[in-house]
Amino acid sequence: MVTPKLTAFALAFGLAATALHAQDLRIGLQEDPDVLDPDQSRTFVGRIVYASLCDKLVDITPDLEIIPQLATGWEWSDDGLQLTMTLREGAVFHDGTPFNAEAVAANIDRSQNLPESRRKSELSSITGVEVVDDMTIRFTLGAPDATLLAQFADRAGMMLSPTAFEAAGTDLGLNPVCSGPFSFGERIQQDRIVLNRFADYWNADAINVDSVTFLPIPDTTVRLANLRAGDLDMLERLAATDVASVNNDEDLQLEQAVSLGYQGITINVNNGAGADNPLGQDARIRQALSLAIDRNVINQVVFEGAFAPGNQPFPPTSPWYNDAYPVPERDVEAARALLAEAGFADGIDITIQVTNNPVQLQMMQVVQSMASEAGINLELQAKEFATLLADQSAGDYTASQIGWSGRVDPDGNIHQFMTTDGGINDSDYSNPEVDRLLNEARTSTDMAVRQASYNAARDILIQDLPIVYLYHPTWIWALSNSVEGFTPYPDGMIRLEGVTLSE
Amino acid sequence: MLAFIGRRILIAIPTIILISIFVFTLQHLLPGDPILVLAGEERDPEVLEFLREKYRLNDPIPIQYLAWVGSALQGDLGISLRTNQPVLELIGEKLPVTLQLAVMALVFALVIGVPAGVLSAYKKGTWIDWVANVVALSGLSVPNFWLGIMMILLVSVKLGWLPASGYQPFSEDPLQSIRTMLMPAFVLGTALAATLMRHTRSAMLSVLQSDYIRTARAKGLAERVVLVKHALRNALVPIVTVTTLIFGELLAGAVLTEQIFTIPGFGKLVVDAVFNRDYAVVQGIVLCTGVAFIFMNILADVAYRVLNPRMRDK
């Protein structure tokens, strides 16, 4: 008769005993994330936290294929105007609210209609959402949108508990409630974000740690010192200059993946008075600048060979990279000839703004010295990031060294930069043929058709050069040997499924 | 004494108003658009316009300022643009951190700086004086960030004695909290100890030459009594001034030290806020540290009167 009680006692005791050995995975981040509401947030580093906190409709593989997450299957209508998704049975939000088609509809509505939402342009193609049955949802689009699934694999596809956001409104970020493998524990700004394992997670078997603590440590040397001292189990964005030292450390391991993003020089070709100069007006000078640069030298000198030299919006490892235009060899003579043709045989002075961060400055100094050998005298204007961004957006610049964090779908790396009036087209580049090709690439779901459109656009852009691409950063993670099962992804996220921590 | 304190507080009010006006206008004069930073890589014009309206950034600066004063008087310092957290709550979160670092750093500074200053004044011109001066000069010259990183590499990575960085609330685990704060407090304290040592030395030097010290010695008092009871006590006024000013500065946050040791105090908060053009946070913190600084000044004035009866009101 006492047996059930005893069993309960033993169970409770057993549970308490495991709790004593609770495993906490400590991850060092380069920055402190912004608000933890997927509809309002904007930083790359915030997405790293979401990867453990918030499940999305779909996810990606390391090869960028779209795979099921909260949606188990999907089907496009023949005209590409309807997407029907089957949803996962048995998934619940951290507050116990069940996940179903109603919840998806409420989430899409919030992303599209919350005035503070930063997801509006990502979901702009959706014109209607229909709850077919409890576990089926259908999206109707205004025009075919090949990028939609990739958007669902990121913040726009993250599902929040409707109960929670109806109660919290725009304050949801103070206590986010999603349906991912870990639930929100606590956050102390600039110090830590703690997430606890969610027992009712649909894929709970793949999660092997009890909690995960994200610690923003901006200084790369200090971040690495913390890992070496055992205060961290892993860190993201190791400095390229520390790769050799981590490789030589028997207690540490290194993982890397070429990112989806790029770094380059954005040139003002039409954005107000700042475009009124030879660099902005004559494509030959932009070509000369590009030819004067040895992209391998940048990679070797500044990044110790850890990054990927590049000349296109997609890295050479991407299936969308156009092999017809390999990363060009440096050709000082050709650069000089182009300058002479443009009427600057005696050289030309160009001002470029760059963020006042030591690595970017060093990189541009390398570019500066290479360009000077071709007769292009670069004056570097170091600006603090917010200032650089405002000047660039206002057209108050000639050229600007800036990058892009990259998107899963190729459209995200090119469309809004190169189409007329595109959201981030700070060059104000405009070419009807490029507009046509990039819009076409966006509406087809056939990869071959899209590839052909991108290639045709590249034929034009490689001549016009509103952006001179330089390199693609590589995500570098350093881990202690006690961490096993980590898979690097080109989106730079840390997915904890299958990751184990030994004592 | 009470009337004196009351007068000082009244005089402080216009100073605080002036500080808040300066900070408000100056940060709005900074180039860069907070809304562009806030919007990040998404730039839907409608969203940008909505955010501008929401945070009143379209209003003229005087109107924005008055709106801020209005809600500040009701105890609402606004919310952080970056994380949506109320500024008052943020200050409440950071104050204990900064206070702990400031107190611990000050203890290091006092324990090292004052005795070193007294000793070097007493042994003026000897090798002890020279050594103390060289050490003090190095303390002033070695940059905090360099010393900080070197200490992390030595104490945490090589020896494994103390945590490399971070913060542990005192209320949760006092011992671990002090252990974590030891290195940053030491790094911060050594630089301040140098300043204190120099001030103590010069104050002691002038006091040691006074007639009453000669008299005290002539009376046959023990050298220790002469030094501590007669000389140091009279040299304390400038030392108290420097100490309170240093403490006021510490309360404003030790930007570099907090950055290196990843301590979530005022310094780190205000730097992140400036770079993100998080106006409400900058404004709130500066107001808070301004008040703290003025309070420390009043405290210094009170301390003079306690130490030196001649300065008391008739």
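Up top is the structure these notes are about.
Right, let's walk through the structure included here. Here the structure is a predicted model, which is why all the values come from computation and not from measurement.

### Points about the overall build of chain A
Moving on, step 1. Summing up its helical and strand segments, chain A has 16 helices and 21 strands in all.
Moving on, step 2. Within chain A, the proportion of its 503 residues that are buried is 59%.
Moving on, step 3. The centroid of the 30 positive side-chain charges in chain A is displaced by 2 Å from the centroid of its 71 negative side-chain charges.

### Re helix α9 (residues 283-292) of chain A
Spacing of three or four residues puts side chains on the same side of an α-helix, whose turn is 3.6 residues.
All names here are of chain A.
Moving on, step 1. Of all 10 residues in α9, eight are buried; the element is thus mostly enclosed.
Moving on, step 2. The complete set of buried residues in α9 reads Ala283, Ile285, Arg286, Gln287, Ala288, Leu289, Ser290 and Ala292.
Moving on, step 3. Backbone nitrogen of Arg284 and a side-chain oxygen of the N-cap are separated by 2.9 Å at the start of α9; the cap is Asp282.

### Let's talk about unusual backbone geometry
Residue and element names in this part refer to chain A.
Moving on, step 1. For Asp428, which is not a glycine, the phi torsion comes out positive at approximately 60°.
Moving on, step 2. Its location among the elements puts Asp428 in the loop between α14 (411-418) and α15 (432-443).
Moving on, step 3. Positive phi, close to 50°, is recorded for Leu465, a residue that is not glycine.
Moving on, step 4. Mapped onto the fold, Leu465 is located in the loop between α16 (447-464) and β18 (467-472).

### Observations regarding the side chain of Asp391 of chain A
All names here are of chain A.
Moving on, step 1. Checked against the element boundaries, Asp391 lands in helix α13 (residues 385-394).
Moving on, step 2. A distance of 2.7 Å separates polar atoms of two side chains, one belonging to Asp391 and the other to Lys383.
Moving on, step 3. In contact with Asp391, not counting residues within four places along its chain, are Gln353, Lys383, Asp396 and Tyr397.

### What to know about helix α8 (residues 174-208) of chain B
Moving on, step 1. Taking 1.5 Å of rise per residue, 35 residues should cover 51 Å, yet α8 of chain B covers just 42 Å from first to last C-alpha, more than 12% shy of that figure.
Moving on, step 2. At Leu182 of chain B, α8 of chain B shows its largest kink, close to 40°, and the proline Pro184 of chain B lies no more than four residues downstream.

### A few points about the nonpolar core
A general trend in soluble globular proteins is that nonpolar side chains are found buried together.
Moving on, step 1. Counting residues in hydrophobic clusters, the biggest one holds 120 residues, and the most contacted among them are Ile298 and Met418 of chain A.
Moving on, step 2. In terms of residue count, the dominant contributor to this core is α8 of chain B (13 residues).
Moving on, step 3. Once residues within four sequence positions are removed from consideration, Ile298 of chain A is found in contact with Ile293, Phe303, Met363, Val366, Val367, Met370, Leu470 and Tyr471 of chain A.
Moving on, step 4. With 43 residues, the next largest nonpolar core counts Ala164, Cys178, Val212 and Met493 of chain A among its residues.

### A look at the packing of aromatic side chains
All names here are of chain A.
Moving on, step 1. Tallied over the full model, the rule gives 17 aromatic pairs over all chains.
Moving on, step 2. Where Phe44 meets Trp475, the ring centres are 4.6 Å apart and the plane angle is 10°; that geometry is what we call stacked. Separated by 431 residues along the polypeptide, Phe44 in helix α2 (residues 44-53) and Trp475 in strand β19 (residues 474-480) bring together distant segments of the chain.
Moving on, step 3. Here the aromatic residues Tyr262, Trp404, Phe417 and Tyr469 are joined through ring pairs into a cluster of three or more.
Moving on, step 4. Over the aromatic face of Trp202 sits the side chain of Arg88, whose NZ or CZ is 3.5 Å from the ring centroid.
Moving on, step 5. We note Arg495 situated over the ring of Tyr489; from NZ or CZ to the ring centre the distance is 3.9 Å.

### Description of the sheet that holds strand β8 (residues 182-188) of chain A
Residues and elements named next belong to chain A.
Moving on, step 1. Spatial ordering of the open sheet is given by β8-β9-β10-β1-β11-β19-β12, a layout of seven strands whose pairing is mixed. Two strands bound the open sheet, and with one partner strand each, they are β8 and β12 (252-258).
Moving on, step 2. Of the pairings in the sheet, the one linking strand β1 (residues 24-29) to strand β10 (residues 211-216) comprises six bridges and is parallel in character. Directly across from Leu29, in β10, lies its bridge partner Pro216.

### Looking at the pairing of β18 of chain A
All names here are of chain A.
Moving on, step 1. Of all six residues in β18, six are buried, a share of seventy percent or more.
Moving on, step 2. Direction of pairing for strand β13 (residues 262-267) relative to β18: antiparallel, over a ladder of four bridges. By the bridge assignment, Thr266 is partnered in β18 with Ile467.
Moving on, step 3. Note that strand β14 (residues 308-309) and β18 share two bridges and pair antiparallel. Across the sheet, residue Ala308 finds its bridge partner in β18, namely His472.

### Considerations on the state of the cysteines
Two cysteines, two sulfur atoms, one covalent bond between them: this is a disulfide.
Residue and element names in this part refer to chain A.
Moving on, step 1. If you walk through the whole model with that rule in mind, you get one disulfide over all chains.
Moving on, step 2. Two residues share a disulfide in this structure: Cys54 and Cys178, whose sulfurs sit 2.0 Å from each other. On the S-S bond that ties Cys54 to Cys178, the torsion sits near 45°, and the link is right-handed. Of the two residues, Cys54 is situated in the loop between α2 and β2 (58-60) and Cys178 in the loop between α5 (162-168) and β8; the sequence distance between them amounts to 124 residues. In this structure, Cys54 and Cys178 share a single accessibility class: buried.

### Focus: the interface of chain A and chain B
Moving on, step 1. Across the boundary between the two partners, chain A contributes 47 residues, which contact 42 residues of chain B.
Moving on, step 2. For the pairing of chain A and chain B, the buried interface totals around 3900 Å² over both sides, and the portion due to carbon and sulfur atoms is 52%.
Moving on, step 3. Summed over the shared surface of chain A and chain B, the number is three salt bridges.
Moving on, step 4. Asp32 of chain A is the salt-bridge partner of Arg82 of chain B, the closest N and O atoms lying 2.8 Å from each other.
Moving on, step 5. Our count for the chain A to chain B interface comes out at 20 residue pairs in polar contact (both at pLDDT 80 or more).

How each quantity is defined
Residues numbered from 1 in each chain as written. Chains lettered and ligands numbered in written order. Predicted model: local features only at pLDDT ≥ 70, side-chain atom pairs only at ≥ 80, totals over all residues. Heavy atoms only, no water. Helix = DSSP H or I, 4+ residues; strand = E, 2+ residues; numbered from the N terminus. Buried < 20%, exposed > 50% of the residue type's maximum accessible area, 1.4 Å probe, protein only. Lys, Arg positive; Asp, Glu negative; His and termini not counted. Charge placed at Lys NZ, Arg CZ, Asp CG, Glu CD. Polar contact = N/O pair within 3.5 Å; in protein donor to acceptor, adjacent residues only side chain to side chain. Contact = heavy atoms within 4.5 Å. Expected span 1.5 Å × (residues − 1). Bend = angle between axes of the 7 residues up to and from the residue. Core = buried A, V, L, I, M, F, W, Y, C linked by side-chain atoms within 4.5 Å. Phe/Tyr/Trp six-rings, centres within 6.5 Å; stacked < 30°, edge-to-face > 60°. Lys NZ or Arg CZ within 6 Å of the ring centre and 35° of its normal. Pairing = 2+ DSSP bridges. Disulfide = S-S within 2.5 Å. Buried area = accessible area lost by both parts, 1.4 Å probe. Salt bridge = Lys/Arg side-chain N within 4 Å of Asp/Glu carboxyl O.

Fair warning: the whole summary comes from geometry, so function is off the table for now.
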